[in-house]
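A structural walkthrough
Read off the chains here:
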Amino acid sequence: MMASRVDALVQAIKTALTAPAMTSVPVGDIYVDLVYAIDQTKTLALAIEEGIEPEPNLNGLIGRAERRVNVDVHVIAKGLAPFRGADPALVESYNRIMADRTLGGLALDIQEGPTERRRAPAEQSIGVITKTYIVEFRTSAHSLEN
């Protein structure tokens, strides 16, 4: 069974963040699930998750669909001043993702989306910075795979 193009895009982003290893976040602290990442991290981790995928544009491309998906890269930091601690990982992950805006040919382009900083009220020492990337890609009109 084939994976969707969205799954392939998320895996390509994870590869961009792990090979070679980042200087700010060890490879073992880069996940594809936010809740698991929050549970596992002692100080700093990344989580990559697919988000909103609007309906495709089928106009003007016979047999093809233009698609977009939001991919959220969450930087999770624990400790005092968590946003300050997360900032180097935010910058490094941004630079790596935007270095190849086609993700090895899987995407047409990546656009920068919003950045959100959140702190959980009950967990005073945890901060999460979420950077959204809008990934544009094409598939055949009747497939989520290619």
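Residues numbered from 1 in each chain as written. Predicted model: local features only at pLDDT ≥ 70, side-chain atom pairs only at ≥ 80, totals over all residues. Heavy atoms only, no water.

Here's the deal with the pairing of strand E2 (residues 44-50)
Most of E2 sits out of view: five of its seven residues are buried. The pairing of strand E1 (residues 30-31) with E2 spans two bridges and is parallel. Bridged to Ile30 within E2 is Leu46. This β-α-β element, E1 to helix H2 (residues 34-40) to E2, shows right-handed connectivity. Note: E2 against strand E3 (residues 64-78), seven bridges, orientation antiparallel. Among the inter-strand pairings, Leu44 is bridged to a residue of E3, identified as Ala77. (Buried < 20%, exposed > 50% of the residue type's maximum accessible area, 1.4 Å probe, protein only. Helix = DSSP H or I, 4+ residues; strand = E, 2+ residues; numbered from the N terminus. Pairing = 2+ DSSP bridges. Right-handed = clockwise from strand over helix to strand, strands pointing away.)

Some thoughts on the side chain of His74
With respect to the element layout, His74 can be found in strand E3. Among the polar contacts listed, one links the side chain of His74 to the side chain of Thr130, at a separation of 2.8 Å. The contact partners of His74, leaving out residues within four places of it in the chain, are Leu34, Ala45, Leu46, Ala47, Glu49, Arg118, Val128, Ile129 and Thr130. (Polar contact = N/O pair within 3.5 Å; in protein donor to acceptor, adjacent residues only side chain to side chain. Contact = heavy atoms within 4.5 Å.)

Considerations on the environment of Thr15
One can find Thr15 in helix H1 (residues 5-18). For Thr15, a relative accessible area of 46% puts it in the partly exposed group. Taking the C-alpha atoms as reference points, Thr15 and Leu103, 88 residues apart in sequence, are found 9.5 Å from one another.

Quick word on the pairing of strand E5 (residues 126-140)
With respect to burial, E5 is a largely interior element, twelve of its 15 residues being buried. With 15 bridges connecting them, E3 and E5 associate as antiparallel partners. Note that in E5 the partner of Arg67 across the bridge is Phe137. The pairing of strand E4 (residues 109-119) with E5 spans nine bridges and is classified as antiparallel. Bridge pairing in E5 links Asp109 to Glu136.

Quick look at unusual backbone geometry
Put simply, Ala19 and Pro20 share a cis peptide bond, and its omega is 0 degrees. Here Pro20 is to be found in the loop between H1 and E1. In the Ramachandran plot, Ala81 falls in the positive-phi region, its phi being about 45 degrees despite a non-glycine side chain. At Leu103, a residue that is not glycine, the phi angle is positive and equals roughly 50 degrees. Position of Leu103 relative to the elements: it lies in the loop between helix H3 (82-99) and E4. Residue class for Leu103 comes out buried when judged on its relative accessible area of 8%.

Quick look at the pattern of salt bridges
Considering all chains together, one arrives at five salt bridges under this definition. In this structure, Arg101 engages Asp109 in a salt bridge whose closest nitrogen and oxygen atoms are separated by 3.0 Å. In this structure Asp109 comes out as buried when scored by relative accessible area, which is 18%. (Salt bridge = Lys/Arg side-chain N within 4 Å of Asp/Glu carboxyl O.)

Functional significance is not addressed by these values, which are geometric in nature.
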